[in-house]
Amino acid sequence: MDFGFTPEQDALRAQARRLLDQELPLERILAWSAAPSALDRALWKKTAALGWAGLTVAEAHGGLGLGAVDLIVLLEEMGKSLCPLPLAATDLAAAALGALGDGAQQAAWLPKIARGDVVATVAIAEGSDVPTADGVAARAGARGTDVTLDGTKLFVPDGQHADLLLIAAREGAGVSLFAVPADTPGVTVRPLVVVDATKPAAEIALAGAVVPARNRLGAVGGAWPTLARLVDRQTITHAAEMVGSADAALRLAVEYAKVRRQFGSPIGRFQGVKHRCAEMLCDVESARSLVYYAAWAVDHAPDDVPSYASMAKAAASEALDTAGEECVQIHGAIGYTWECHAHLFYKRGRQSHVWLGAPDEHYERVMTVLQHG
Amino acid sequence: MDFTFSAEDEAFRAEVRAFIRDHLPKRSGQDQMDVEEGMSDLPALYKWNQDLHAKGWVGFHWPREVGGGGGTISEQMILKEEMARVKAPMLGLSYMGLAWVGPALIKYGTQEQKDRHIGPILRGEVQWCTGYSEPGAGSDLAALQCRAVRDGDDYVVNGQKIWTSLAMWAQWMILLVRTDPRAPKHLGITCLLVPMSTPGLTVKPIKEMNGGAMFAEVFFEDVRVAVANRLGAEGQGWDVTKDALANERSSIADVWALKHRLEAIRDLAARRTRRGRPAIEDPGIRQRIARMETQVEAMRLNGLRFVTKQLRGEPLGAETSINKLIRARIEIESGRLARDIEGSFGILAKTSPHAVDKGRWQKVMLSWPPFVIGGGTPNIQKNVIAERILGLPHDV
Ligand SMILES: Cc1cc2nc3c(=O)[nH]c(=O)nc-3n(C[C@H](O)[C@H](O)[C@H](O)COP(=O)(O)OP(=O)(O)OC[C@H]3O[C@@H](n4cnc5c(N)ncnc54)[C@H](O)[C@@H]3O)c2cc1C
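Fair warning: this is a prediction, and the values are worked out from it, not measured in the lab.

> For this particular structure, what's the right way to read the overall build of chain B?
Scanning chain B from terminus to terminus reveals 13 helices and ten strands. What you see for chain B is a C-alpha radius of gyration of 22 Å, in line with the 21 Å of a compact globule of 396 residues. Put simply, chain B has 396 residues, and 52% of those count as buried. Pairs at least 24 residues apart make up 70% of the contacts formed inside chain B by residues separated by at least 6 positions. Of the roughly 17,800 Å² that chain B leaves accessible, carbon and sulfur atoms contribute 54%. Charged side chains in chain B number 53 positive and 49 negative. The centres of these two groups are separated by 5 Å.

Pasting the structure below:
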């Protein structure tokens, strides 16, 4: 029994912290969030050279062949830095290719992903933020050896930065997944204007976009069971980022509470402040434990994944939503200024809370699993 | 990360399961934390204690030299978990003797004291009570005033203790007294072991809000305690008891008790109705149940992270306050939720013939203070977390 990390995982965490502190201090994130620009491809390549982009890609395809627990170590650190690199989205696409792609499809894309040459994402959701099979209305129609795609995908994580889009579309009675290069004619990617600019998302309009049928990943109409599992994976990796962000928001508030003085004393001495911080720590650590276990379950206890993904997301949502808000409050009026970093965490909290499902949706699922297994 | 156990550990688990099959006493077994119920069938519990002791499973984590079981951390986990899973009674009758008197004796006791006390604690022959709190010293325990003055080979004790759990049944008390009123408040305190039958000592039970009486006031009037019954040096009392409380094990058994309670709440919600439908279909009720399940699961996993630290030989610090705080929330919310699910039946007292589940939920609603106030209130836990983990300044 060991519910902790290996020395290798600790080293990975330390590496991530060093690189993120160096390359993406919060001042840089702040500046970037005022005017979000293109993805920093040089930085993406640099992290790919360290193995991040291909972390969970099989070694045969140029990846490190590591697991979900290793991945969330990175993501937790990225969450602390509010790092906008598209690691979670790219990992999700790589996992989809790994699960549904045939040998040729994997060989075509995975090595490029692992090298950092191709940024990828998966487009499932449309009208509803929690992706469901019924919610997939985009259509795929066969035309000879080609497939034509029509419809609109919403809330596509890092869609504007992706070179490769894996698009879920209705085909026959089921849902299929297609590998669609972003520059395919008939594909229009528009960045969504979001509250938290450090968490980019896009709208993808498909108007008669044509891809060869060999770009279908898996059987005709047979992708949903795998996509459902991938949504859980996405929920867990997102919760890991949220735990990192909540931790950082709490630390930011605590450090300020140690130095800001009022009534002749650091404000962190007042229980109205210190007890809120203690409660936040309690909630952050609880969410962290749930995320760690959920990530472990991805590779070792698949039956546990649905309910733990939901518990982790609900707990992380509550922890970060509160930590971001308290971080603003504990800073007083300074917390309301653009220069203070508190609002970055507040926005991340408010946005992530509902992204991939607000706590009430996840609690409902926890209850369903409890009742029906 | 690895949630599997070694082959030796799994063999140990099988041994525990076999033992349970052969020796677990039959009992109503609703709520493991229920003291009243826990004391209900003493002969069976005494037998249970003897059977456990024969296996070395009472004081399982104590060293073998003193009569403990010398169990490894993972074996302790397995033992606790397997027992809690089947709602077994506590692992030994001498509740406080096992929880902190024994560990304090092992660390600070003379050979004579160990020889005299540890055997009876392990065999469940003696009940201990804890005389720390006073009317003027609760959260601020070090402010205690109960006075002991040296007189030849005795200390003469005068003063009062309060909230002393089990005082009316106990044969011995672990007592904190002030021996040096001029010393700084943490340093003038001494720990004594006192037979409850000593002349001058009187016990006055206190009625609780649930109608029961599990704790008491204890008065000392020229109570003579032999110096040989002093635990640790004079003035060392604070360290003796502080260390002992830090010996509290992780919260595995508590987690299982709460899991069982939530299971029973789900069952209650399936039987009760709201607007003509089972209450368990009500979205509001579902949210509250699932949120509590999530918190209990977090408490379980937090506990596993803390145990992992211990297994890796790292010291456990103030982290355990995190689970105490979560537990306090769940203790209170579970009683409130059960009442809400009961609906109109929630107004009925435990003794009403109409009471649902023989009044079990009224009892839960009226019996959380031992787990919330006893052993440090939530505010005090928050101070501990804020100061020791987050490094925020002391407020007092
Ligand atoms: C069921 C039960 C069994 C018990 N059994 C025993 C026993 O066997 N032996 C024994 O010695 N004691 C026992 N106790 C006593 C217990 O340890 C004390 O009740 C506890 O430490 C709190 O002390 P108090 O009751 O005097 O409350 P107080 O210390 O007076 O606290 C009252 C309120 O003030 C708050 N407060 C106090 N100080 C602060 C602060 N610095 N910051 C913020 N808020 C603060 C508390 O959180 C609480 O809400 C038991 C208590 C209960 C309820």
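> Got a minute to help me understand the domain arrangement of chain B in this structure?
Accessible area lost upon the coming together of the parts is a frequently used measure of interface size. Once the domains are mapped, chain B shows domain 1 (7-93), domain 2 (128-240) and domain 3 (252-389). Using only C-alpha atoms to locate each centre, domain 1 of chain B and domain 2 of chain B end up separated by 30 Å.

> Is there a simple way to explain the pattern of salt bridges in this structure?
Opposite charge on two side chains allows them to pair when their charged atoms are near. Residue and element names in this part refer to chain A. Under the definition given, this model contains 63 salt bridges over all chains. Between Arg17 and Glu77 there is a salt bridge, with the nearest N and O atoms lying 2.6 Å from each other. Here Arg17 is found in helix H1 (residues 7-23), whereas its partner Glu77 is found in helix H4 (residues 68-80), with 60 residues between them in sequence. Given the relative accessible area of 22%, Arg17 is considered partly exposed. The shortest N-O distance in the salt bridge between Glu326 and Arg276 comes to 3.0 Å. Of this pair, Glu326 sits in helix H9 (residues 305-330) while Arg276 sits in helix H8 (residues 271-300); the two residues are 50 residues apart in sequence, bridging distant segments of the chain.

> How do you make sense of the domain arrangement of chain A when you look at a structure like this?
Residues and elements named next belong to chain A. Taken domain by domain, chain A comprises domain 1 (7-118), domain 2 (121-217) and domain 3 (224-371). Placing the centre of domain 2 and that of domain 3 at their C-alpha centroids yields a distance of 29 Å. Taken together, the contacts link 18 residues of domain 2 with 14 residues of domain 3. Taken together, both faces of the contact between domain 2 and domain 3 bury some 1,500 Å²; the carbon and sulfur share is 66%. In this structure, the connection of domain 2 to domain 3 is made through two salt bridges. Linking Arg348 and Asp196 is a salt bridge whose minimum nitrogen-to-oxygen distance equals 2.7 Å. Applying the counting rule to domain 2 against domain 3 returns six residue pairs in polar contact (both at pLDDT 80 or more). Elements represented by at least two residues in the side of domain 2 that touches domain 3 include exactly strand E3 (146-157) and strand E5 (174-181). Residue composition of the side of domain 2 that touches domain 3, by class: 13 nonpolar, two polar and three charged.

> In this structure, what is going on with the site of the ligand? I would like to understand it.
In the neighbourhood of the ligand, 19 residues make up the surrounding shell, with Gln271(A), Ser139(B), Trp163(B), Ser165(B) and Thr377(B) lying closest. Among the chains of the assembly, those with residues near the ligand are chains A and B. In this structure, a nitrogen atom belonging to the ligand sits 2.8 Å away from a main-chain N or O atom of Thr130(B). One nitrogen or oxygen atom from the side chain of Thr377(B) is found 2.6 Å from an oxygen atom belonging to the ligand. In isolation the ligand has 970 Å² of accessible area, and contact with the protein removes 69% of it. Of all elements in the fold, only strand E3 (154-165), helix H12 (369-372) and helix H13 (378-389) of chain B reach the threshold of two or more residues within the shell around the ligand. Tallied by class, residues from the shell around the ligand come to seven nonpolar, twelve polar and no charged. Mapped onto the domain boundaries, the shell around the ligand takes at least three residues apiece from domain 2 (128-240) and domain 3 (252-389) of chain B.

> I keep staring at the packing of aromatic side chains and nothing clicks. Help me out?
Two aromatic rings are characterised by how far apart their centres lie and by the angle between their planes. Within this structure, the stated rule accounts for 13 aromatic pairs over all chains. A centroid spacing of 4.8 Å and a plane angle of 85° characterise the contact between Phe5(A) and Tyr292(A), whose relative ring orientation is edge-to-face. With Phe5(A) in the segment before H1 and Tyr292(A) in helix H8, this residue pair connects regions lying 287 residues apart in the sequence. No difference in accessibility class separates Phe5(A) from Tyr292(A), as the two residues are buried. Three or more aromatic residues link up through ring pairs in this structure, and these residues are Phe3(A), Tyr293(A), Trp296(A), Tyr308(A) and Phe3(B).

> For this particular structure, what's the right way to read the interface of chain A and chain B?
The partner chain B presents 43 residues to the 43 residues of chain A that form the contact. Roughly 4,300 Å² of surface becomes buried between chain A and chain B when both sides are summed, with 62% attributable to carbon and sulfur atoms. The partner of Glu285(A) in a salt bridge is Arg305(B), and the shortest N-O contact between them spans 2.7 Å. Elements supplying a minimum of two residues to the side of chain A that touches chain B: helix H7 (224-259), H8, H9 and helix H11 (359-372) of chain A. The element that contributes the greatest number of residues to the side of chain A that touches chain B is H8(A), accounting for 17 residues. Per-class residue counts for the side of chain A that touches chain B are 23 nonpolar, eight polar and twelve charged.

> I keep staring at the pairing of strand E5 (residues 189-195) of chain B and nothing clicks. Help me out?
Residues in a regular strand point their side chains to alternate faces of the sheet. All names here are of chain B. In terms of burial, E5 is a largely internal element, six of the seven residues being buried. As defined by bridge partners, strand E4 (residues 172-178) adjoins E5 across seven bridges and the pair is classed as antiparallel. Directly across from Ile174, in E5, lies its bridge partner Leu193. Bridging between E5 and strand E8 (residues 230-231) involves two bridges; their strand directions are antiparallel. Opposite Cys191, over in E8, you have Leu231 as the bridge partner.

Here is what the cut-offs are and how they apply
- Residues numbered from 1 in each chain as written.
- Chains lettered and ligands numbered in written order.
- Predicted model: local features only at pLDDT ≥ 70, side-chain atom pairs only at ≥ 80, totals over all residues.
- Heavy atoms only, no water.
- Helix = DSSP H or I, 4+ residues; strand = E, 2+ residues; numbered from the N terminus.
- Rg over C-alpha atoms; globule rule 2.2 N^0.38 Å.
- Buried < 20%, exposed > 50% of the residue type's maximum accessible area, 1.4 Å probe, protein only.
- Contact = heavy atoms within 4.5 Å.
- Areas by Shrake-Rupley, 256 points an atom, 1.4 Å probe, with all protein chains shown as cover.
- Lys, Arg positive; Asp, Glu negative; His and termini not counted.
- Charge placed at Lys NZ, Arg CZ, Asp CG, Glu CD.
- Domains from an automatic or database assignment.
- Salt bridge = Lys/Arg side-chain N within 4 Å of Asp/Glu carboxyl O.
- Buried area = accessible area lost by both parts, 1.4 Å probe.
- Polar contact = N/O pair within 3.5 Å; in protein donor to acceptor, adjacent residues only side chain to side chain.
- Nonpolar A, V, L, I, M, F, W, Y, C, P; charged D, E, K, R; others polar.
- Near = heavy atom within 4 Å.
- Phe/Tyr/Trp six-rings, centres within 6.5 Å; stacked < 30°, edge-to-face > 60°.
- Pairing = 2+ DSSP bridges.

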